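Here are the chains, one letter per residue:
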Amino acid sequence: MSNAHQFIESWIEDSIAVIQLNRPEVLNALNREMVEEIVETLEGYDKDDRVRVIVLTGNGRAFAAGADIDEMSADTPITMDSINQFATWDRIALIRKPIIASVNGFALGGGFELVLNCDIIFADENTQFGFPEVNLGVMPGAGGTQRLTKVMGKAKALEWLWLGESMTALEAYKNGVVNRLIAPEVLFEETMKFASKIAKQPPLSLRFIKEAVNKAVDSPLVDGLQLERKNFYLLFDSEDQTEGMQAFIEKRKPNFKGK
Ligand code: CO8
């Protein structure tokens, strides 16, 4: 069964719901409407008794290559605060069913942040993870600085966040970001096999275990997210943000000035 949306596909296979990001022509760049569609669909499946587990994946060459830079390039701190898109992102943390990411190709910026919001992460061996925001004169804004640091520790997280380089799937695996690395041609199949094992476990146990494990990592997160958000908005008042995003759109190297 499939539901019509503009930027995602979604369907139920047995008791597993699948959400597939579906803007392959821009490597599934996450525009705001798409994030709204993903979150609404997650919430729908969370309430749907036919569903025990949710799988998130991407159509084409990427899971998601980040926030939609074209949409974001003209933003100011005030427009972003008014749109308040992170309120939508915050709803992902309220999903009580297991969410498994099946990550293909690229998971960059907001795409990596979406992955880090999932409970279990399977990736194809060729996936590139990373936070390239610094190269655009900004920084992660949807939880990346907090969640990556909680997973890999401060020093390693800073290295990736400051350099903005891509992390290979193997590096991500060694750093505890990814549960399993899988050959690309069987990634989705292997994810679904694992999802069907989880789907046979008692739903209430799964739910209460998830809640308890999240409590272990989440308690101080809210403070970090607020700080991250303020700093992310502030960078949209900089010349380097305009330069970084304009350079991406014009397919040239940026020239940053620290202003
Ligand atoms: N936004 C908009 N369009 C994009 C994006 C993006 N993030 N990524 C790729 N595209 C488009 C390209 O512009 C290109 O379009 P066109 O065919 O019209 O020229 C198409 O997708 C294919 O991409 P490429 O030709 O560049 O493909 P390559 O294989 O040569 O390169 C890369 C793949 C390396 C992934 C490259 O596309 C790239 O560097 N993309 C940008 C990655 C990036 O900087 N991501 C971070 C964005 S900022 C961010 O995520 C901030 C998060 C904050 C909060 C979250 C809110 C959602």
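A quick note: this is a predicted structure, and the numbers were derived from the prediction, not measured.

Rules and cut-offs
Numbering of residues begins from 1 in every chain and follows the order in which that chain's sequence is written. Two thresholds apply to this predicted model, a pLDDT of at least 70 for residue-level local features and 80 or more for giving and counting side-chain atom pairs, whereas whole-chain, interface and lining totals are computed over all residues. As a rule here, side-chain values come from all non-hydrogen atoms in the structure, and water together with hydrogens is ignored. Axis angles are defined between N-to-C directions and span 0 to 180 degrees, where every axis is a line fitted to C-alpha atoms and, for a helix, only to the segment in contact. By definition, any uninterrupted DSSP run of H or I lasting at least four residues is a helix, any uninterrupted run of E lasting at least two residues is a strand, and each is numbered from the N terminus. Each angle gets one of four labels, with under 35 degrees taken as roughly parallel, over 145 as roughly antiparallel, 65 to 115 as roughly perpendicular, and the rest as oblique. In this scheme the handedness of a crossing depends on how the near helix is turned from the far one: anticlockwise by less than a right angle means left-handed, clockwise means right-handed. In what follows, a contact means two residues having at least one pair of non-hydrogen atoms within 4.5 Å. Partly exposed residues are those whose accessible area sits between 20% and 50% of the maximum for their type, while under 20% is buried and over 50% is exposed, using a 1.4 Å probe and protein chains only. The near set for a molecule or strand comprises every residue that places at least one heavy atom within 4 Å of it. Polar contacts here mean pairs of N or O atoms no more than 3.5 Å apart (in protein, one a potential hydrogen donor and the other a potential acceptor; neighbouring residues in sequence count only if both atoms are side-chain atoms). Calculation of accessible area relied on Shrake-Rupley with a 1.4 Å probe; when residues are assessed, cover is drawn exclusively from the protein chains displayed. Only Asp, Glu, Lys and Arg are considered charged, only Ala, Val, Leu, Ile, Met, Phe, Trp, Tyr, Cys and Pro nonpolar, and every remaining residue, Gly among them, polar. Ring geometry is summarised as follows: Phe, Tyr and Trp rings, the Trp one being its six-membered ring, pair when their centres sit within 6.5 Å, and such pairs are stacked at plane angles under 30 degrees, edge-to-face over 60 and tilted between the two. All domain edges in this entry derive from an automatic or database-based domain assignment. Here the buried area means the combined drop in accessible surface, using a 1.4 Å probe, for two parts upon being joined, counting both sides. Just to be clear on terms, a salt bridge is a Lys or Arg side-chain nitrogen sitting within 4 Å of an Asp or Glu carboxyl oxygen.

### A look at the packing of helix α6 (residues 144–152) against helix α7 (residues 154–163)
It is at 7 Å that the axes of α6 and α7 come closest, and there the two elements cross at 135 degrees. By the angle between their axes, α6 is oblique relative to α7. Crossing handedness for the pair α6 and α7: right-handed. Contact residues: α6 offers T145, L148, T149 and M152, while α7 offers K154, K156, A157, W160 and L161.

### Here we look at unusual backbone geometry
The backbone of N84 sits at a positive phi, close to 55 degrees, despite the residue not being glycine. Relative accessible area serves as the criterion here: at 35%, N84 is assigned to the partly exposed category. Despite not being glycine, K251 has its phi angle at roughly 55 degrees, a positive value. Mapped onto the secondary structure, K251 falls in the segment after α12 (239–249).

### Side note on the site of the ligand
The immediate surroundings of the ligand are formed by 27 residues, with R61, A67, I69, G110 and K251 found nearest. Contact distances for the ligand include 2.8 Å between an oxygen atom and a side-chain N or O atom of R61. Within the contact set of the ligand, an oxygen atom lies 2.8 Å away from a backbone nitrogen or oxygen of G110. Surface burial for the ligand is 73%, taken as the share of its 1,100 Å² of free accessible area covered by protein chains. Put simply, the parts of the chain that give the shell around the ligand at least two residues each are α2 (69–72), α4 (86–90), β6 (106–108) and α5 (110–116). Residues that form the shell around the ligand fall into these classes: 16 nonpolar, five polar and six charged.

### Brief notes about the packing of aromatic side chains
Under the counting rule described, the total for this entry stands at seven aromatic pairs. With centroids separated by 5.0 Å and ring planes inclined at 50 degrees, the aromatic side chains of F122 and F194 adopt a geometry described as tilted. Of this pair, F122 sits in strand β7 (residues 120–124) while F194 is found in helix α9 (residues 187–199), placing the two residues 72 residues apart along the sequence. Each member of the pair, F122 together with F194, is buried. Here the aromatic rings of F232 and Y233 are separated by 6.3 Å at their centres, their planes lie at 50 degrees, and the arrangement is tilted.

### Digging into the domain arrangement of the protein chain
For interface size, the figure often reported is the accessible area lost on association. For the protein chain, the domain assignment lists domain 1 (8–199) and domain 2 (203–249). A straight line from the C-alpha centre of domain 1 to that of domain 2 covers 12 Å. Taken together, the contact between domain 1 and domain 2 spans 33 residues of the former and 24 residues of the latter. Summed over both sides, the interface of domain 1 with domain 2 buries roughly 2,700 Å², with 65% coming from carbon and sulfur. Contact with domain 2 buries surface across domain 1, with R96, M139 and K150 losing the most and accounting together for 19% of the total. Linking domain 1 with domain 2 are two salt bridges, by the criterion used here. Salt-bridge contacts for R229 lead to D90; the nearest nitrogen and oxygen are separated by 3.3 Å. On inspection of domain 1 and its partner domain 2, the count reaches nine residue pairs in polar contact (both at pLDDT 80 or more). Sorting the residues of the side of domain 1 that touches domain 2 by element identifies α2, α3 (77–83), α4 and α6 as the ones contributing at least two each.

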